[in-house]
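# Structural overview for review
Next come the chains, spelled out residue by residue.
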There are 2 protein chains.
Amino acid sequence: MISRQIQLASRPGPSGPGPENFRLAEVALGDPGPSEVLLETLYLSLDPYMRARMYEGANYAASTALGAPMPGKTVSRVRTSNAPEFQTGDIVESGHGWQSHHIAKATDLRALPDLGVPLSAHLGVLGLPGHTGYGGLLRHGRPQPGETVVVSAATGGVGSMVGQVARIKGCRAVGIAGGAEKCRYLTEELGFAAAVDRHSATFAEDLAAACPEGIDIYFDNTGGEIFAACLPLLNRGARVPICGTISVDRNQPPEQGLDRMQELHALILIKQLTLQGFLFTGLQDMTADFHRDVSQWIASGALRYREDIVEGLEQAPEAFLGLFRGENFGKLIVRVAPEAHG
Amino acid sequence: MISRQIQLASRPGPSGPGPENFRLAEVALGDPGPSEVLLETLYLSLDPYMRARMYEGANYAASTALGAPMPGKTVSRVRTSNAPEFQTGDIVESGHGWQSHHIAKATDLRALPDLGVPLSAHLGVLGLPGHTGYGGLLRHGRPQPGETVVVSAATGGVGSMVGQVARIKGCRAVGIAGGAEKCRYLTEELGFAAAVDRHSATFAEDLAAACPEGIDIYFDNTGGEIFAACLPLLNRGARVPICGTISVDRNQPPEQGLDRMQELHALILIKQLTLQGFLFTGLQDMTADFHRDVSQWIASGALRYREDIVEGLEQAPEAFLGLFRGENFGKLIVRVAPEAHG
């Protein structure tokens, strides 16, 4: 069996990741050993956190080695199994990254629960991004009815969950997204109370106008200037769950200018803010609640989701790079092989 | 009755507060009305937060008006009372600021509990600073046995409480203070595991050496470069209760240079930090626990405290300005009138 892989060919240069950092390779797989299974990838999730893995150096997860496949969650089908707990044809969640086939230990796989949704949803609304948005908002945001919740990257997998859970919990959800089409989608399809276009020349004023009672929770997926624009609007006692830095490549040197660290520090004290960095891994105890609530909300129509499905593993690098240009619209997923194919 | 007052004569200029911003005045008081009492100030607390009140503009508490007495907590004696709940000679806590006498509403006073300590202790170890350190560490720091707790301004009223409660709770307490004498006091008198001199040319290295297992809780009384020096040492999941900014006059413009806001934001995410600004007012539900624990610890010798008592209201401005030059050693209190004087 041959596995096609997108490997990390080189580390990003001063201008950040580009197509030259990826290469397509074919790797011959052996046969699965005891308690191993051969997997065929159906869907691959593309997520912003993968950028940090492309660099060397300490971070909250290990760097990807040069020549290794890019990391990532997949929904895969078992082709052959030497493990008693999996049968040919079973659908599993795996973390084997950007490759068409893989031999996995059975203990590294998770059988997908039947939640009455398409398979790809396990990578988005009912997968890591949805779980991160649901758990991060409820645990670290602690939303109360009537509060204003602002979320950045609001049409993404995490952001669209945050805004909708906020609405379901009785809050006023305000989304920040790039462009009129995405903003319209937030208010017209997802029930956000308001949406603000981050490309607007009057972005800061638009945001203030959309939050006439200030911000009680700013769920931050972006960092950078969007984070900075939210700070002056935060109410006393506001919570700021920090989930991502999609707008900032932190391997780039900091900018010269005013040192705003002091200002941020003073604001934390003056407004008694809570800034809370968190990862998905700290929310895994909420899995049962997450599955129950979100599948019910999808079934009742209270919660919607949108996927941006790219066809074919070869398209993964370009689609991934587009994430940082704000090009995708909805949870970005690669269809690596058709579900019907055996 | 004449009350001597230290009034706010003018707002601080570009170089921060100076003696020219204060003036001594004498104000004639009338007689106490119904439910009012005439108070004589015995002790006045001087605290860093008062600096922010000298400026105009929004903050977490109102500005002091020009011509008004500087604000502050006092321990006072009732001279005459028109309120049934207070008798001549009663000792009360009041918030009437830098003045020798005051007519107060009975509802603005708090009878001091008998905790078996000298009266001045109600302004320090058993008053607002002690309560802030005790409650801030336990509620926002959540100390666990074996953790490393670093506190800045460690010989002050808040800091010396934080380090000793940390030690009592089984943590390794590391204090940051200015000068060898204060550092020696922390380790030899208060039982800190280590102390680091912030004036040292190798401060950052000294701090790292004092925290071989990193920092789990950094209780921040200072902000500024001490805050910045602690950041790289924070462990994953570290808590940073932010209580004060004594080292930073936030009415001064930010410095030019690298913009470290982004770096701080990235660190919050990478290390899953909690930064929590808080005020004393949010900890008042802990009063009974605080009084019980701290008076027991004082009685058993587990907890010590040091007061820096200045004689006479006229000395208050100079002593207050010395706070920001790190000149005081222990909780700074002004003795406005002798206890024995009737």
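Anything mentioned here points back to the structure above.
Only a predicted model underlies this, so the values are computations on that prediction, with no experimental measurement involved.

### Re the overall build of chain A
In terms of helices and strands, chain A carries nine helices and 16 strands. The C-alpha radius of gyration computed for chain A amounts to 21 Å, which stays within 12% of the reference 20 Å derived for 342 residues, consistent with globular compactness. By residue count, 58% of the 342 residues in chain A fall in the buried class. A fraction of 69% describes how many contacts in chain A between residues 6 or more apart in sequence connect residues 24 or more apart. Taken as two groups, the 29 positive and 37 negative side-chain charges of chain A have centres that lie 3 Å from each other.

### Some points on the pattern of salt bridges
Residue and element names in this part refer to chain B. Counted by the stated rule, this structure contains 34 salt bridges over all chains. Glu-147 is the partner of Arg-239 in a salt bridge, and the nearest nitrogen-oxygen pair spans 2.6 Å. Taken as a pair, Arg-239 in strand β12 (residues 234–242) and Glu-147 in the loop between α2 (128–141) and β8 (148–151) lie far apart in primary sequence, 92 residues in all. Just as Arg-239 is buried, Glu-147 falls in that class too.

### Considerations on the interface of chain B and chain A
Taken together, the contact between chain B and chain A spans 39 residues of the former and 39 residues of the latter. Both faces combined, the contact of chain B with chain A buries some 3,600 Å², and carbon together with sulfur accounts for 64% of it. Between the two partners, chain B and chain A, sit two salt bridges. Across the pair Asp-259 of chain B and Arg-260 of chain A runs a salt bridge, and its minimum N-O distance is 2.7 Å. At the surface where chain B touches chain A, the tally comes to eleven residue pairs in polar contact (both at pLDDT 80 or more). If you list the elements that add at least two residues to the side of chain B that touches chain A, you get α6 (224–230), β12, β13 (256–258), α7 (261–270) and β14 (274–277) of chain B. Looking at chain direction, strand β14 (residues 274–277) of chain A and β14 of chain B are connected through three bridges and run antiparallel.

### Some points on helix α9 (residues 316–323) of chain B
Residues and elements named next belong to chain B. Where burial is concerned, most of α9 is hidden: seven out of the eight residues are buried. Within α9 the residues assigned to the buried category are Ala-316, Pro-317, Ala-319, Phe-320, Leu-321, Gly-322 and Leu-323. Elements in contact with the buried residues of α9: β1 (2–8), β2 (22–28), α1 (50–53), β15 (307–311) and β16 (331–335).

### Quick notes on the sheet that holds strand β11 (residues 215–219) of chain A
Across the sheet, which stays open at both edges, the twelve strands sit in the order β10(A)-β9(A)-β8(A)-β11(A)-β12(A)-β14(A)-β14(B)-β12(B)-β11(B)-β8(B)-β9(B)-β10(B) with mixed pairing between neighbours. Bordering the open sheet on either side are β10 (194–197) of chain A together with β10 (194–197) of chain B, each of which pairs with just one other strand. Taking the axes of each pair of neighbouring strands and ignoring which way they run, one obtains an average angle of 15° across the sheet. By the bridge criterion, three bridges tie strand β8 (residues 148–151) of chain A to β11 of chain A in an arrangement that is parallel. Bridge pairing links Val-151 of chain A to Phe-219 of chain A in β11 of chain A. Helix α3 (residues 157–168) of chain B contacts β8, β9 (172–177) and β11 (215–219) of chain B of the sheet and is inclined by roughly 170° relative to β8 of chain B.

### Thoughts on the relation of the copies chain B and chain A
For the pair chain B and chain A, the superposition axis carries a translation of 0.1 Å, the fit reaches an RMSD of 0.0 Å, and the rotation angle comes to 180°. What we have between these two chains is a two-fold relation. The share of interface residues of chain B whose copies in chain A are also at the interface is 100%, consistent with both copies meeting through the same surface.

### Here we look at the pairing of β11 of chain A
Side-chain positions along a regular strand alternate between the two faces of the sheet. Residue and element names in this part refer to chain A. In terms of residue burial, β11 counts as a mostly covered element, since five of its five residues are buried. The sheet contact formed by β11 and strand β12 (residues 234–242) spans two bridges and is parallel. When the bridges of β12 are listed, Ile-217 appears paired with Arg-239. In terms of handedness, the path from β11 via helix α6 (residues 224–230) over to β12 forms a crossover that is right-handed.

### Re the nonpolar core
The nonpolar side chains of a soluble globular protein tend to be buried, and buried together. Grouped together as the largest cluster of nonpolar side chains are 60 residues, with contacts concentrated most on Leu-207 and Leu-275 of chain A together with Leu-207 and Leu-275 of chain B. With residues up to four places along the chain from it excluded, the contact list for Leu-207 of chain A reads Val-150, Ile-176, Val-196, Ala-229, Cys-230 and Leu-233 of chain A.

### Topic: the environment of Leu-126 of chain A
All names here are of chain A. In this structure, Leu-126 sits in the loop between β7 (110–111) and α2 (128–141). In the structure, Leu-126 is positioned 169 residues away from Ser-295 in sequence and 7.7 Å away in space, judged by C-alpha atoms. Discounting chain neighbours no more than four positions away, the residues touching Leu-126 are Leu-115, Val-117, Ala-121, Phe-290, His-291, Val-294, Ser-295 and Ile-298.

### A few points about the environment of Pro-48 of chain B
Residue and element names in this part refer to chain B. Considering the arrangement of structural elements, one finds Pro-48 in the loop between β3 (36–45) and α1. On the accessibility criterion, Pro-48 (32% relative accessible area) is partly exposed. Taking C-alpha positions, Pro-48 is 7.0 Å from Leu-323, a pair spaced 275 residues apart along the chain.

### A few points about the side chain of Ser-160 of chain B
With respect to the helices, strands and loops of the structure, Ser-160 of chain B is situated in helix α3. Those residues in contact with Ser-160 of chain B, other than ones at most four positions away along the chain, are Ala-154, Thr-155 and Leu-190 of chain B.

### Looking at the packing of aromatic side chains
Working definition: an aromatic ring pair is given by the centre-to-centre distance plus the angle between the planes. Inspection of the entire model under this criterion finds 16 aromatic pairs over all chains. Seen in terms of ring centroids, Tyr-134 of chain A and Trp-297 of chain A are 6.1 Å apart; in terms of plane orientation they differ by 50°. Their pairing is tilted. Of this pair, Tyr-134 of chain A sits in helix α2 while Trp-297 of chain A sits in helix α8 (residues 287–300), and the two are 163 residues apart along the sequence. In this structure, Tyr-134 of chain A and Trp-297 of chain A share a single accessibility class: buried. Here Phe-22 of chain B and Phe-320 of chain B contribute two aromatic rings whose centre-to-centre distance is 6.2 Å and whose plane-to-plane angle is 80°, an arrangement assigned as edge-to-face. Here Phe-320 of chain B lies in helix α9 and Phe-22 of chain B lies in strand β2, a separation of 298 residues in the sequence. Each member of the pair, Phe-22 of chain B together with Phe-320 of chain B, is buried. A network of ring pairs unites the aromatic residues Phe-22, Trp-98, Phe-320 and Phe-324 of chain A as a single cluster. A cation over an aromatic ring shows up here: Arg-306 of chain A above the ring of Tyr-185 of chain A, its NZ or CZ 5.2 Å from the ring centre. A cation over an aromatic ring shows up here: Arg-306 of chain A above the ring of Phe-329 of chain A, its NZ or CZ 3.6 Å from the ring centre.

### A look at the packing of α2 of chain B against helix α8 (residues 287–300) of chain B
All names here are of chain B. At a minimum axis separation of 10 Å, α2 and α8 run at an interaxial angle of 100°. It follows that α2 is roughly perpendicular to α8 by the angle criterion. Each of Gly-130, His-131 and Tyr-134 in α2 lies in contact with α8, whose residues at this interface are Thr-287, Asp-289, Phe-290, Asp-293, Val-294 and Trp-297.

Conventions and cut-offs
- Each chain carries its own residue numbering, running from 1 in the written order of its sequence.
- As they are written, the chains are lettered A onward and the ligands numbered 1 onward, keeping that order.
- For a predicted model such as this one, the threshold for reporting local features is a pLDDT of at least 70, and the threshold for listing and counting side-chain atom pairs is 80 or more; totals across whole chains, interfaces and linings nevertheless cover every residue.
- The side-chain values count all of the structure's non-hydrogen atoms but skip hydrogen atoms and water molecules.
- The numbering of helices and of strands both runs from the N terminus, where a helix is a DSSP run of H or I of at least 4 residues and a strand a run of E of at least 2.
- Two things to know: the radius of gyration comes from C-alpha atoms, and the globule rule equals 2.2 Å times the number of residues to the power 0.38.
- For every residue, the accessible area (1.4 Å probe, protein chains only) is compared with the maximum for its type, and the residue is labelled buried under 20%, exposed over 50%, or partly exposed between those bounds.
- Note on contacts: a residue pair is in contact if any heavy atoms of the two residues lie within 4.5 Å.
- Here the positive residues are Lys and Arg and the negative ones are Asp and Glu; neither His nor the chain ends is included.
- Charge placement uses NZ in Lys and CZ in Arg. For Asp and Glu, CG and CD serve respectively.
- Salt bridges are counted wherever a side-chain nitrogen of Lys or Arg sits within 4 Å of a carboxyl oxygen of Asp or Glu.
- Buried area counts how much accessible surface, traced with a 1.4 Å probe, disappears from two parts once they are put together, with both parts' losses summed.
- The definition of a polar contact used here is a pair of N or O atoms within 3.5 Å, where within protein one atom must be able to donate a hydrogen and the other to accept one, and adjacent residues in sequence count solely through side-chain atom pairs.
- Two strands are counted as paired when DSSP detects at least two bridges linking them.
- Every angle, taken between N-to-C directions, lies between 0 and 180 degrees, and every axis is a line fitted to C-alpha atoms, over only the stretch in contact when it is a helix.
- Least squares is used to superpose the copies, and the fit set is the C-alpha atoms of residues whose pLDDT is at least 70 in both copies.
- By the criterion used throughout, a crossover qualifies as right-handed when its path from the first strand across the helix to the second strand runs clockwise, the strands pointing away from the viewer.
- Nonpolar cores were defined as sets of buried Ala, Val, Leu, Ile, Met, Phe, Trp, Tyr and Cys residues, with membership established by side-chain atoms within 4.5 Å.
- Here a Phe, Tyr or Trp ring, Trp counted by its six-membered ring, pairs with any other such ring whose centre lies within 6.5 Å, and the pair is stacked when the planes are under 30 degrees apart, edge-to-face when over 60, and tilted otherwise.
- Geometrically, a charge over a ring is one whose NZ (Lys) or CZ (Arg) sits within 6 Å of the ring centre while staying within 35 degrees of the ring normal.
- Here the word oblique covers every angle except those under 35 degrees (roughly parallel), over 145 (roughly antiparallel) and from 65 to 115 (roughly perpendicular).

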